[in-house]
Amino acid sequence: MTAGQHAASRTALDAGRRAAELDALADGERVDVLVIGGGVTGAGIALDAATRGLSVALIEKHDLAFGTSRWSSKLVHGGLRYLATGNVGIARRSAIERGILMSRNAPHLVKAMPQLVPLLPEMSRASRALIRTGFLAGDGLRKLAGTTAATLPRSRRIDAARAVSMAPTIRTDGLEGAFLAYDGQLVDDARLVVAVARTAAQHGARILTRMSADNATGESVRLTDQRTGDTLDVRARVVINAAGVWAGHVDPSIRLRPSRGTHLVFDAAAFGNPTAALTIPIPGELNRFVFAMPEQLGRIYLGLTDEDAPGTVPDVPQATPGEISFLLDTVNTALATTLTEADVRGSYAGLRPLVDAGEGRTADLSREHAVVESPNGLLSVIGGKLTEYRYMAEDVLNRAVELRGLAAGECRTRNLPLVGAPANPVSTLRAQIELPGSLVARYGAEAHNVIAQASCAHPVEPVADGIDVTRAEFEYAVTHEGAMTIDDILDRRTRIGLVAEDRERASAAASEILAAAS
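On a predicted model such as this, the values are computed, not experimentally measured, just so you know. (Residues numbered from 1 in each chain as written. Predicted model: local features only at pLDDT ≥ 70, side-chain atom pairs only at ≥ 80, totals over all residues. Heavy atoms only, no water.)

### Regarding empty space enclosed by the protein
Let me state the cut-off plainly: Method remark: on a 1 Å grid restricted to protein atoms, a set of points is classed as a cavity if a 1.4 Å probe fits but cannot get out and as a pocket if it is open with protein on both sides within 12 Å along at least five of seven lines; lining residues have an atom within 4 Å of a point. Grid points are joined across faces, edges and corners, and a volume is the space filled by probe spheres set on the points. When residues are grouped by polarity, Ala, Val, Leu, Ile, Met, Phe, Trp, Tyr, Cys and Pro land in nonpolar, Asp, Glu, Lys and Arg in charged, and all others, Gly among them, in polar.
One pass over the structure, following the stated rule, counts 4 cavities of 30 Å³ or more. There is about 80 Å³ of room inside the largest cavity. Looking at the largest cavity, the residues that line it are H108, L109, R191, V194, A195, R198, V419, G420, R442, Y443, E446 and E481. Considered class by class, the residues forming the lining of the largest cavity number 5 nonpolar, 2 polar and 5 charged.

Now the structure itself:
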């Protein structure tokens, strides 16, 4: 086995590894840290703990990125919105964390996204001044965070011709150009979660999906294997609840106020195949926008809403008719053409795990996170936002180390390259063929491994006509990324499942490769 193959094998989340790690826990081994929740925060905690020299097990009831972490806008915000509301602390942290992701942790997954605000007649001078001032403040945040203009270009005003070239379907009647600014954009939020989890595994963490957690205390939890029904009791020096909107199921004393954010999925052609995210102020709102963002697989994601979502937390939230109408009505204020529900190819909705602060709109609630300890010693991290997942993990681990006296090193994640980043040693194999650009965009420097380690027939062929996902990616999802079902492959390792027709066309390849690789 070459050095590169050995490095790749250390990150592989496959059935054999899962079985061996479950056996070790069943034998009574006590771990330092047990994390409940396989979203971006839970995976971040597992990575932080493992790289501090602690023994770690991460438990997820479903699949990695099953919940909120796959339903975001795919944005790594620089904190501009929070600066506008006077929350300087979270704005500064967001800008710093964005820079860390873009330059050190995951430069392969986070790129600069141009955001275009068209200057249409309906926009008042006051609104224009406010937006321009905000973008200038965003430039200041970028500089304060140490992020160079080469990574995130400066904001500026562009003329109408340039604006139309970047967003061809915007209205041109009375168009006076546009403001252009830049923020971070994830190729895929679920792929970030998988990369963080596999990097944690690379450093010795046990990543165990399809395992539910009950009777959690500060030092123990009962696990149930969702595939076999087997149960086992696991002891830990600290148990951390990072279950997101389900945190209250793990610790009933926790009070959250979920907020639903909905996106619609379009073919990019419906927006003229834009090269920038169209950013449209919501009428009557001071600091809220709707975004039409170019995404992978030739799609546009249009979002997003911020609606109270009381009651039982569903496994898969659904867009409401009112939200669909709101998004269409808002985006149409800036378009030369009119989009209707017939243009919508799919939709998705996620729930933000906001800390319950009582009355008021969810749109106005703080995105700050909190670390709380229950009477039985269980630690929970609640609230927060995707951009700050690394900081949240560091915060809760620092608290755990202090409370439990864990023998841990300093946090290392600020400068740690994830799997797929050029500096990570797993990215050393090279395939002797030209790689599809879409494959490189999703896997970064690890793209060579995906092809080099494939054993399926026709590895570089697409899984279906018109879908730029290769058969090798489906296989890699099973052999290295912990995928166990067709849904894991289509909905989380790729985003094919967002469009029903694409799901139907790709299902046969997913079924074939899953059976062969399992």
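Read on for the rest.
### Structural notes on the pattern of salt bridges
For clarity, the cut-off: When a carboxyl oxygen of Asp or Glu lies within 4 Å of a side-chain nitrogen of Lys or Arg, that pair is called a salt bridge. Exposed residues in this analysis have more than 50% of their type's maximum accessible area, buried residues have under 20%, and partly exposed residues fall in between, with area computed by a 1.4 Å probe over protein chains only. Secondary structure elements follow DSSP: runs of H or I of four or more residues count as helices, runs of E of two or more count as strands, with numbering from the N terminus.
Under the definition given, this model contains 37 salt bridges. With its nearest N and O atoms 3.3 Å apart, the salt bridge here joins D173 to R171. On the basis of relative accessibility, which here comes to 47%, the residue D173 falls in the partly exposed class. With relative accessibility at 12%, the residue R171 sits in the buried group. Taking the shortest distance from any N to any O, the salt bridge between D267 and R345 comes out at 2.7 Å. Here the residue D267 occupies a position in strand 11 (residues 256–267), and R345 occupies one in the loop between helix 10 (321–332) and strand 16 (346–355), the gap between them amounting to 78 residues.

### Considering the layout of surface pockets
Estimated volume of the second largest pocket: approximately 410 Å³. Lining the second largest pocket are 24 residues, with D14, A15, G16, R18 and M484 positioned closest to its centre. Elements represented by at least two residues in the lining of the second largest pocket include exactly helix 2 (15–26), strand 7 (206–209) and helix 14 (471–479). For the lining of the second largest pocket, the element with the most residues is helix 2, which contributes 8 residues.

### A short note on the packing of helix 14 against helix 15 (residues 486–493)
Axes are the key here: two packed helices are described by the angle between their axes and the distance separating the axes. Here is the rule: Only the contacting stretch of a helix is used when fitting its axis, a line to C-alpha atoms as for every element, and angles between N-to-C directions run 0 to 180 degrees. Throughout, the term roughly parallel applies to angles under 35 degrees, roughly antiparallel to angles over 145, roughly perpendicular to angles from 65 to 115, and oblique to all others. The crossing is said to be left-handed when, going from far helix to near helix, the turn is anticlockwise and less than a right angle, and right-handed when the turn is clockwise. The contact definition used throughout considers only heavy atoms, calling two residues in contact when any of these lie within 4.5 Å.
Between helix 14 and helix 15, whose axes approach to 10 Å, the crossing angle comes to 110°. In this view, helix 14 runs roughly perpendicular relative to helix 15, as classed from their interaxial angle. Judged by the sense of rotation from one axis to the other, the crossing of helix 14 with helix 15 is right-handed. The residues of helix 15 that touch helix 14, namely those facing F474, A477 and V478, are I489, L490 and R493. For the contact of helix 14 with helix 15, the per-class residue count stands at 5 nonpolar, no polar and 1 charged.

### A short note on helix 3 (residues 40–51)
What counts, and what does not: Here a helix's expected span is defined as the number of its residues, less one, multiplied by 1.5 Å.
The terminal C-alpha atoms of helix 3, which comprises 12 residues, lie 16 Å apart, in line with the 16 Å expected from a rise of 1.5 Å per residue. Burial runs high along helix 3: 12 of the 12 residues are buried. The set of residues buried in helix 3 consists of V40, T41, G42, A43, G44, I45, A46, L47, D48, A49, A50 and T51. Positioned one or two residues after helix 3, G53 has a phi angle of 90°, which is positive.

### With respect to the nonpolar core
In plain terms, the rule: Residues enter a nonpolar core if they are buried and are Ala, Val, Leu, Ile, Met, Phe, Trp, Tyr or Cys, with the set joined through side-chain atoms within 4.5 Å.
Membership of the largest hydrophobic core comes to 83 residues, with the highest contact counts inside it found for I45, L116, L192, I207 and I240. Setting aside its immediate chain neighbours within four residues, L192 contacts V40, L101, A106, L109, L186, L386, Y389 and L418.

### Re helix 14
Residues that lie three or four places apart on an α-helix share one face, since the helix turns once every 3.6 residues. Within helix 14, 8 of the 9 residues are buried, leaving the element largely enclosed by the surrounding structure. Among the residues making up helix 14, those that are buried are R471, A472, E473, F474, E475, Y476, A477 and V478.

### Some points on the packing of aromatic side chains
For the record, the criterion: Classification of ring pairs rests on two measures: the distance between centres of Phe, Tyr or Trp rings, Trp counted by its six-membered ring, which must be within 6.5 Å, and the angle between planes, read as stacked under 30 degrees, edge-to-face over 60 and tilted in between. Our definition puts a charge over a ring when NZ of Lys or CZ of Arg is within 6 Å of the ring centre and also within 35 degrees of the ring normal.
Applying the stated criterion across every chain, the model contains 5 aromatic pairs. Ring centres 5.5 Å apart and planes at 25° place the aromatic pair W71 and Y348 in the stacked group. With W71 in the loop between strand 2 (56–60) and strand 3 (75–76) and Y348 in strand 16, the pair connects residues that are 277 residues apart, well separated along the chain. Of the two residues examined, W71 and Y348, each falls in the buried class. Taken together, the ring pairs in this structure connect W71, Y301 and Y348 into an aromatic cluster. Residue placement shows R70 over the ring face of F66; its charged tip is 5.0 Å from the ring centre. The ring of Y443 is capped by R191, whose NZ or CZ atom sits 4.2 Å from the centre of that ring.

### Structural notes on the pairing of strand 1 (residues 31–36)
The side chains of a regular strand alternate between the sheet's two faces. This is how the line gets drawn: Being paired, for any two strands, means DSSP has found at least two bridges between them.
Buried residues dominate strand 1, accounting for 6 of its 6 residues. Two strands pair when backbone bridges link them, and strand 1 and strand 10 (residues 231–241) are joined in this way by 5 bridges, in the parallel orientation. Bridge pairing links V33 to V238 in strand 10. In terms of strand pairing, strand 1 meets strand 2 through 4 bridges, oriented parallel.

### Focus on the environment of N241
To keep it simple, the criterion reads: Whenever a nitrogen or oxygen atom comes within 3.5 Å of another N or O atom, the pair is scored as a polar contact, on the condition that within protein one atom can donate a hydrogen and the other can accept it, and that pairs from neighbouring residues in sequence are kept only if both atoms are in side chains.
Mapped onto the elements, N241 comes out in strand 10. Distance in space between the C-alpha atoms of N241 and D173 is 53 Å, their sequence separation being 68 residues. Once you skip the residues sitting within four places of it in the chain, N241 turns out to touch I36, A247, V250, D251, I254, L378, L379, S380 and V381. Among the polar contacts listed, one links the side chain of N241 to the backbone nitrogen of A243, at a separation of 3.2 Å.

### Considering the environment of V499
With respect to the helices and strands, V499 occurs in the loop between helix 15 and helix 16 (500–517). Sequence separation between V499 and G346 is 153 residues, and the spatial gap between their C-alpha atoms is 5.1 Å. Ignoring any residue separated from it by four or fewer positions in sequence, one finds V499 in contact with V265, R299 and R345.

Spatial relationships are all this shows, so hold off on functional conclusions.
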